Structure formats: structure tokens, C-alpha cells
Amino acid sequence: QGRGVSVRRDASDEEMETARTLVEAELERASELARVNARGEGEEPDIAGPADLAARDGQGVRTARVESAGPGGALMLLGYDALMACIGLAVAGVSRLLGRSGHGLGERLGLYPREVGERLWSRRVVWLHAASVGELQGLRALLGPLRERFPEHAFVVSTLTGTGRALAANLEGVDAAVYFPLDSRRIVRRALAAIRPEVFLFTETELWPGFLSECGRRGSPSVLVSGRVSARSVRRYRWVRRLMGRILERVVCCVQSETDARHIVSVGANPSKVHVSGNLKAEAPVDDGARELVTTALGRLGVTSRVLIVGASTHEGEETALLSAFSRIMDRYPETILVLAPRHPERFADVAALLESGGMEWVRFSQLGDERFVGSPGHRIVLLDRMGVLRACFPFAFLVFVGGTLVPIGGHNVLEPAAEGCAVLFGSHTDHVTEATHILLAADGARQVDDPAGLAEVVEVLVRDRHDADAIGARAAQVAASQRGALNRHLEVIMSVVGAGKDPLGEHGGRGVS
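This is a predicted model, so every value here is computed, not measured. (Residues numbered from 1 in each chain as written. Predicted model: local features only at pLDDT ≥ 70, side-chain atom pairs only at ≥ 80, totals over all residues. Heavy atoms only, no water.)

Observations regarding the overall build of the protein chain
Part 1 of the reasoning: Within the protein chain, the secondary structure is distributed over 21 helices and 14 strands.
Part 2 of the reasoning: Looking at the 514 residues of the protein chain, the share that counts as buried comes to 55%.
Part 3 of the reasoning: Considering only contacts within the protein chain whose residues lie at least 6 apart along the sequence, 72% involve residues at least 24 apart.
Part 4 of the reasoning: When the accessible surface of the protein chain is summed, it comes to about 21800 Å², and 50% of that surface belongs to carbon and sulfur atoms. (Helix = DSSP H or I, 4+ residues; strand = E, 2+ residues; numbered from the N terminus. Buried < 20%, exposed > 50% of the residue type's maximum accessible area, 1.4 Å probe, protein only. Contact = heavy atoms within 4.5 Å. Areas by Shrake-Rupley, 256 points an atom, 1.4 Å probe, with all protein chains shown as cover.)

Here's what the structure looks like:
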């Protein structure tokens, strides 16, 4: 059920702006619901085990695979498209009422500003897509090398969120940053006709049936990069196997691990097009601007070495656990500083309210950017209220808790802090990063806890014994280094795909815009 948004004919500018904000929020919610509905829910299907996975020959993975998509997949796709078409009509109506300039509604309908068309005119295009800020890190690893290999191509990056779009627009080498279109056939066709990608690269779990189907119809190859498919996702895909088989048949899949390869083949991917290529996030470069910003900001607190405990990509409930753990050690170890980095920017205000209610002295990272700011010994907690700078904090940290693991989210990137030599700490909910956490634990490069009490205990032990914490961090760095090579493996696959499709410029040699 969506929330109705209404405005009076004589609404003020402030009321119109509020309505626009509500529409944007409902639109992002509708997109997420549509993606979940496309996956479906169900019980655990039979998945090929390790013994069923044949040895890779460098060309792909061979394993048990679901039955052919057949007519059932076509019917499911029609039903899915009807649902998305209804959402598209509703959005179009609201867009006309409220106006779409500068608010992304037009882009979600496949209508792009004229300047986008001018940048892309008569150029071959590589379209890269990431859901949000976290997934953009993997694309950053690809952008530079792809530009070197295809200097004449234009690069378009799309995201689902406003924060992600803003970050994408500032990435070096991006010609245009846009919102991803609603997954309705008519809207998708309009978007593809405007941008005309030679190849579409998408990250991790962004399996949009309508978009991928239309790319296949146009002859534009689609490549999943740094793909991951958890056991939980496989359960969700059970009831839409025929649909997934239909859209994945022609998709080239570069996945993070052998487990991901088995999973994605079990839901319909073509085994000959599945490649175990590793995790691109492990090789994403740290942005020089972010590094300089963080160094300057932390310097105003007197931070020049590894004294930080970082709560990275945290979710509701995890900040409370970290604050409780920090309160146990902060008086005995006055040089230690806690940095809280919520996963989603809309939670910055909630975490700020939590800090206010706790009575401890704290500061926003954005305040540290002010040259007039004067730090004090009491500033022991920092709220990282800026996106895109978290990784630049890791060189100043000796211990990093990775969020989404104490609560049932599935976890976030554990290899980024490991690569910087931090001791890595996480909870028991690691569905999204199972393989990486197993490797770290096996190498004694991480610690795992079950609950907030366990978190507080491990934090206290590692703060008290910095030698042990540093040794764990060194082993974590070795694990991260051993995982390198993902970038070259991805590039090898992508290079074999680019140019294999139809001429994206078609007979007209240009592209359409709104």
C-alpha cells in the first residue's frame, strides 16, 4: 500500500516542495517493493552442492541448472510488466502535476535533460548501474581502467537513490549520472532509446527483469559485475524461476565466489556465461579528495595515527550497542575515538538524537570541516554525516565493526577495512558476505560476536591489548591482498563482451532526449 500525496490547486511553493519530497520517497519505496516482488518468496530449493560444481575451465561454470524458462517465464514477465506499467502511469500523473525539473521523476520515466543527450551524442556508451553508495564502490574500481581501454566511449552511471546519484555525478570519468528508470517496458524502451548503451554493467543483486529483457531484445549485452546471490535470495527466487531463467539466459555473470556461481546457476543463469571473478570492492581506490578531507577533519581532533574505533555502515540498534561498548573503555583509554557511520543518510538525524540523549560529548564530521572549529579532549565520538568518506577513515582506525551484522540485514563490505590493516569485527548475520567472513575468520583476521554483550567484551579486549588488535589487522590485510585480481578478471570478461552486440547508434547515429 502506497501513501497518497495530494496538493491544493493554490498550494504554496513550500507545500509543493514538501509534496515533491513525499513523491520521491514513495517512488523509491515502490521501486524497492517491485524488486522484492520480482524475486518472490518461498522455501529453500534444492541447490547444487560443492560436489556438483565441475572445475572451472576459464570460460565459465558448469553445474546443475533449472529447467528452460518456457512460456511460463513469458507470462510472468507480462504480469510483472503490467504491475510496473501501473506504477509508471501513477508516477507520470504525479510528475505532470508537480513538475519533474531537478527532482528525478522525469529520469525515472526515461526522460533525460537535454545536456545528457548532448554529452552522449554520436558516442558509444557504457552504462553502469549500482543501487546506491555502497555498490558504487565496486564500479569505481572499473571506471578508470575502462576509460583507458575505451577513451572514445561515454560513461553513464545510474543509481536508485538521490545520495548515490549525487556521488556518481562527482566520480571522475562519468559523463552523465542519472536515476535508473522504472522497470516498465515502455519506460525502459524510452530510456534505452535515449542512451543507447553498447553494454550494460550492473552490480551485485540488481536483477531488473524488464530492463534486462529489453537489453537482450536490443542486442545490448548485459554483464553482472561483482555479483552475489545469497541462500536467502535463492529462496526468494524459487517461485519465479521461469522468469529468472528467461532474463538471465543471455546475461554474462561475473560473481564473487564459487557459492555465488552455484546459486545464480540454480535460479536460471546460463552456466557457460558464469565466471567466478571476485569482489571489486576489494580493489576500489580511495578517493584522493576524500582522503584529504578526512585527514584534515580528523587532524582538528588531534588524530594522526590509528586511534579510531569505527562503526561502519551501521543500522538501527547497532549504534546503541557500540555506544554501550565504548562507554566501558572511554575513561581508561582517553586517546580512543569512536566514529559512527550510519549506512543510510536519512538516519543521520536519528543517530544524532541518540547521541544527544546519551549525554556524551560528540561532534558531527561536517563540523570538523569548518576552519573555525576548535576541538576539545571531550570530543570522543564523531557522527560521520557525510557519504563517500568512510573508507578514508580506515587508515586511522585499529578496529572496525561492520554493520548490518548484529541485526538481520546480511552484512556489508568486510574487505575494505581489512585491506587497510584494521582488525575486523562483525555479528552473526553475514548472509551477504559469507565467504569473505569465513576467509577472515579462518586466517584469524577478524572476530565474530553474537550480541551486544559479546561486542562490548571483544571491544574491551582489543582496546586493552593493542598488540593483539594490530596482529589481527595485519592478518586481515594479508587476506584482502590474497583476494586481489578481481579487477583484471572482470576486465577480461567485459573486454570480450564490448563490441559483441549490435551497433548501439543504429541507423540514425544519434540519440533522443526529452
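Structural notes on the packing of aromatic side chains
Part 1 of the reasoning: One pass over the full model with this rule turns up 8 aromatic pairs.
Part 2 of the reasoning: Measuring from ring centre to ring centre gives 5.1 Å for Trp127 and Phe211, while their planes differ by 80°; the resulting arrangement is edge-to-face. In this pair, Trp127 sits in strand S1 (residues 125–129) while Phe211 sits in helix H8 (residues 209–218), placing the two residues 84 residues apart along the sequence. With respect to burial, Trp127 and Phe211 carry one shared label: buried. (Phe/Tyr/Trp six-rings, centres within 6.5 Å; stacked < 30°, edge-to-face > 60°.)

With respect to the pairing of strand S5 (residues 222–227)
Part 1 of the reasoning: Burial analysis of S5 places 6 of its 6 residues in the buried class, the great majority of the element.
Part 2 of the reasoning: Where the polypeptide runs from strand S4 (residues 197–203) across H8 and back to S5, its parallel neighbour, the crossover connection is right-handed.
Part 3 of the reasoning: Strand direction decides the pairing type here: S5 and strand S6 (residues 252–255), joined by 3 bridges, are parallel. Its bridge partner lying in S6, Val223 is registered against Val252. (Right-handed = clockwise from strand over helix to strand, strands pointing away. Pairing = 2+ DSSP bridges.)

Here's the deal with empty space enclosed by the protein
Part 1 of the reasoning: For the structure shown, the criterion picks out 2 cavities of 30 Å³ or more.
Part 2 of the reasoning: Space inside the second largest cavity adds up to approximately 30 Å³.
Part 3 of the reasoning: For the lining of the second largest cavity, a count of residues per class yields 3 nonpolar, 2 polar and 2 charged. (1 Å grid on protein atoms, 1.4 Å probe; cavity = no way out; pocket = protein on both sides within 12 Å on 5 of 7 lines; lining within 4 Å. Points joined across faces, edges and corners; volume = space filled by probe spheres on them. Nonpolar A, V, L, I, M, F, W, Y, C, P; charged D, E, K, R; others polar.)

Considering unusual backbone geometry
Part 1 of the reasoning: Backbone geometry places Ser226, a non-glycine residue, at a positive phi of 50°.
Part 2 of the reasoning: Using a relative accessible area of 3% as the deciding quantity, one classes Ser226 as buried.
Part 3 of the reasoning: For Asp444, which is not glycine, the phi dihedral falls at a positive 60°.
Part 4 of the reasoning: Mapping Asp444 onto the fold places it in the loop between helix H18 (434–442) and strand S14 (446–448).

A few points about the environment of Glu460
Part 1 of the reasoning: Along the chain, the position of Glu460 falls in helix H19 (residues 452–464).
Part 2 of the reasoning: By relative accessible area, Glu460 is classed as buried at 15%.
Part 3 of the reasoning: When the C-alpha atoms of Glu460 and Ala325 are compared, they prove to be 7.4 Å apart, with 135 residues separating the residues in sequence.
Part 4 of the reasoning: Every residue in contact with Glu460, bar those within four places of it in the chain, is listed here: Arg328, Ile329 and Arg332.
Part 5 of the reasoning: Polar contacts involving the side chain of Glu460 include one to the side chain of Arg332, which spans 2.8 Å. (Polar contact = N/O pair within 3.5 Å; in protein donor to acceptor, adjacent residues only side chain to side chain.)

Structural notes on the packing of helix H5 (residues 133–149) against helix H21 (residues 486–497)
Part 1 of the reasoning: One way to put it is that H5 packs onto H21 with a least axis distance of 11 Å and a crossing angle of 45°. Looking at the two axes, H5 sits oblique to H21. You can see that H5 and H21 cross each other, and the crossing is right-handed. Between H5 and H21, the residues in contact are Ala141, Leu142, Pro145, Leu146 and Arg149 and Leu487, His490, Leu491, Ile494 and Met495, respectively.
Part 2 of the reasoning: For the contact of H5 with H21, the class distribution of residues is 8 nonpolar, 1 polar and 1 charged. (Axes fitted to C-alpha atoms, helices over the stretch in contact; angles between N-to-C directions. Parallel < 35°, antiparallel > 145°, perpendicular 65-115°, else oblique. Left-handed = near helix turned anticlockwise from the far one by under 90°.)

Quick word on the sheet that holds S4
Part 1 of the reasoning: One open sheet accounts for 7 strands, arranged S3-S2-S1-S4-S5-S6-S7; its pairing is parallel. Looking at strand neighbours, the two that pair on one side only are strand S3 (176–179) and strand S7 (274–276), the edges of this open sheet. Neighbour-to-neighbour, the strand axes of the sheet open up by a mean angle of 20°, direction not taken into account.
Part 2 of the reasoning: Bridge count for S1 against S4 is 5 bridges, and the pairing is parallel. Paired with His129 across the strands is Phe202, a residue of S4.
Part 3 of the reasoning: Contacts between helix H6 (residues 162–169) and the sheet are confined to strand S2 (154–159) and S3, with S3 contributing the most and set at about 170° to the helix.

A closer look at the environment of Val188
Part 1 of the reasoning: Positionally, Val188 belongs in helix H7 (residues 185–195).
Part 2 of the reasoning: Taking relative accessible area as the criterion, Val188 reaches 0% and is therefore assigned buried.
Part 3 of the reasoning: Sequence spacing of Val188 and Glu214 is 26 residues, and the spatial spacing of their C-alpha atoms is 7.3 Å.
Part 4 of the reasoning: In this structure Val188 touches Leu182, Asp183, Gly210, Phe211 and Glu214, once residues within four positions along its chain are discounted.

Quick look at the environment of Gly268
Part 1 of the reasoning: Tracing the backbone shows Gly268 in the loop between helix H11 (258–266) and S7.
Part 2 of the reasoning: Each C-alpha atom of the pair Gly268 and Val240 lies 9.8 Å from the other, and the pair is 28 residues apart in sequence.

Some words on a negative patch on the surface
Part 1 of the reasoning: A surface patch of negative charge is lined by Glu172, Asp287, Asp288 and Glu292.
Part 2 of the reasoning: With respect to the helices and strands, the residue Glu172 is situated in the loop between H6 and S3.
Part 3 of the reasoning: A residue is classified by how much of its surface remains accessible, and Glu172, at 77% relative accessible area, is exposed. (Patch = residues over 30% accessible without salt bridge, like charges linked within 9 Å, V, L, I, M, F, W, Y side chains within 5 Å. Salt bridge = Lys/Arg side-chain N within 4 Å of Asp/Glu carboxyl O. Lys, Arg positive; Asp, Glu negative; His and termini not counted. Charge placed at Lys NZ, Arg CZ, Asp CG, Glu CD.)

What about the pairing of S4?
Part 1 of the reasoning: Among the 7 residues in S4, 7 count as buried, and that is most of the element.
Part 2 of the reasoning: The pairing of S4 with S5 spans 4 bridges and is parallel. Bridging across to S5, Leu201 finds its partner in Val223.

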